[in-house]
Amino acid sequence: MNWIRQLIALAGVAVVGAQLLLVAMGGQGLCQTTGCRLVDHLTTIAPLYFNIAGLLFFVTVWWGLRGRHKPDDRSRPWLLVLLLAAMAAEAVLLGFQLFTARSLCLYCLVVFVLVLLLNILAGWRQLLSSLATVAAVLVAFSALIFVSPALLTNGYTLADGTYGSLRCNSPAKQLYLIFSPDCRHCDTVMAALANCN
């Protein structure tokens, strides 16, 4: 069973390492979906640093599983704590995608599944702890509103997906703007704004 966990950790090293290499070279990562690009742009920490942390996590888990320990996980409590901490971090990122970005990142989901598998294979107690952690984080995330108070006073909420608004008299319309420099849909809105007086 331990060799399966080592294989999963190595798969994590390979996936995150490839992503890190692509991001470090200035290109786009493995995931080319809109959700991945959106999540990358909505974080305050650059994707490069997220991927460095992920690579260090998977390398540490792989190293911990290869160590000269007894075959049971009780001899490596630090590894169980690390796996649970990773599950909490992944739950926060999943909650961010579900409740804030409202778009899923395929690459992020692959990493989430790898961390979940490592927790599942660490035993039923670890599985229950990790599932409780994920549930608690997702419940807490679902109860929060991530929006500026200034937007709330203007009647806008993040649920409306509105970061800016403009009323146009000629032609009469209400424009809502969600902007990102690499968003192809923003070009249409910017063109409409150019014709708005």
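Shown above is the structure to which this text applies.
Rules used in this analysis
Residues numbered from 1 in each chain as written. Predicted model: local features only at pLDDT ≥ 70, side-chain atom pairs only at ≥ 80, totals over all residues. Heavy atoms only, no water. Helix = DSSP H or I, 4+ residues; strand = E, 2+ residues; numbered from the N terminus. Buried < 20%, exposed > 50% of the residue type's maximum accessible area, 1.4 Å probe, protein only. Contact = heavy atoms within 4.5 Å. Areas by Shrake-Rupley, 256 points an atom, 1.4 Å probe, with all protein chains shown as cover. Phe/Tyr/Trp six-rings, centres within 6.5 Å; stacked < 30°, edge-to-face > 60°. Expected span 1.5 Å × (residues − 1). Axes fitted to C-alpha atoms, helices over the stretch in contact; angles between N-to-C directions. Parallel < 35°, antiparallel > 145°, perpendicular 65-115°, else oblique. Left-handed = near helix turned anticlockwise from the far one by under 90°. Nonpolar A, V, L, I, M, F, W, Y, C, P; charged D, E, K, R; others polar. Arc of directions from axis to C-beta. Core = buried A, V, L, I, M, F, W, Y, C linked by side-chain atoms within 4.5 Å.

*Asks:* Provide a residue-level description of the overall build of the protein, including the pertinent values.
*Replies:* When its secondary structure is counted, the protein shows 8 helices and 2 strands. Traced from its N-terminal end to its C-terminal end, the protein shows the element sequence α-α-α-α-α-α-α-β-β-α. Expressed as a percentage of the 197 residues in the protein, the buried residues total 31%. The long-range share in the protein, meaning contacts at least 24 apart out of those at least 6 apart in sequence, stands at 64%. In the form shown here, the protein has an accessible surface area of approximately 11900 Å², with 68% of it arising from carbon and sulfur atoms.

*Asks:* Account for the packing of aromatic side chains, with residues named and values stated.
*Replies:* Evaluation of the coordinates by the stated rule reveals 2 aromatic pairs. Ring centres 4.9 Å apart and planes at 65° place the aromatic pair Phe57 and Phe58 in the edge-to-face group. Here Phe57 falls in the buried class, since its relative accessible area comes to 11%.

*Asks:* Kindly report on helix H1 (residues 2-24), identifying the contributing residues and their values.
*Replies:* In a regular helix each residue adds 1.5 Å, so 23 residues correspond to 33 Å; H1 covers 32 Å between its end C-alpha atoms and thus fits that length. Among the residues making up H1, those that are buried are Arg5, Gln6, Ile8, Ala9, Gly12, Val16, Gln19 and Leu20. If you follow the buried residues of H1, they end up packed against helix H3 (47-66), helix H4 (77-101) and helix H5 (106-120). Just downstream of H1, Gly26 is the residue with a positive phi angle, here 90°.

*Asks:* Let's hear about the environment of Val110: which residues, and what values?
*Replies:* Within the element layout of this structure, Val110 appears in helix H5. For the pair formed by Val110 and Val15, sequence separation is 95 residues and the distance between their alpha carbons is 8.7 Å.

*Asks:* Lay out the packing of H1 against H5 in plain terms, naming residues and giving numbers.
*Replies:* As a packed pair, H1 and H5 sit with axes 10 Å apart at the nearest point and diverge in direction by 160°. Put simply, H1 runs roughly antiparallel to H5. With respect to the hand of their crossing, H1 and H5 are arranged in left-handed fashion. Facing Arg5, Ile8, Ala9, Ala11, Gly12, Val15, Val16 and Gln19 of H1, the residues of H5 in contact are Tyr107, Val110, Val111, Leu114, Leu117 and Leu118. Residues belonging to the contact of H1 with H5 are distributed by class as follows: 11 nonpolar, 2 polar and 1 charged.

*Asks:* Break down the packing of H4 against helix H6 (residues 124-142) for me, with residues and values.
*Replies:* Put simply, H4 and H6 touch, their axes get as near as 9 Å, and they point 30° apart. Viewed along their axes, H4 and H6 adopt a mutual orientation that is roughly parallel. Read as a crossing pair, H4 and H6 show a hand that is right-handed. Considering only residue class, the contact of H4 with H6 consists of 15 nonpolar, 7 polar and no charged.

*Asks:* Lay out helix H2 (residues 34-41) in plain terms, naming residues and giving numbers.
*Replies:* For an α-helix, 3.6 residues make a turn, and residues three or four places apart therefore share a direction. Of the positions making up H2, those classed as buried are Gly35, Cys36 and Val39. Considered in projection along H2, the buried side chains sweep an arc of 100° and stay on one side of the axis. Among the structural elements, H4 and H5 are those in contact with the buried residues of H2.

*Asks:* Account for the nonpolar core, with residues named and values stated.
*Replies:* Among the nonpolar cores identified, the biggest contains 30 residues, and Phe57, Phe58, Val61, Tyr107, Val115 and Leu118 are the most heavily contacted of them. Listing elements by their share of this core, those giving two or more residues are H1, H2, H3, H4, H5 and H6. Beyond its immediate chain neighbours, meaning those up to four positions away, Leu118 contacts Arg5, Ile8, Ala9, Phe57, Phe58, Val61 and Leu83.

*Asks:* How would you summarise the environment of Leu30 if you had to cite specific residues and measurements?
*Replies:* When you line up the elements, Leu30 lands in the loop between H1 and H2. Residue classification places Leu30 among the partly exposed residues on the basis of a relative accessible area of 44%. Along the sequence, Leu30 and Leu20 sit 10 residues apart, while their C-alpha atoms lie 9.3 Å from each other. For Leu30, the residues in contact, after removing those within four places along its chain, are Val15, Ala18, Gln19, Leu22 and Tyr107.

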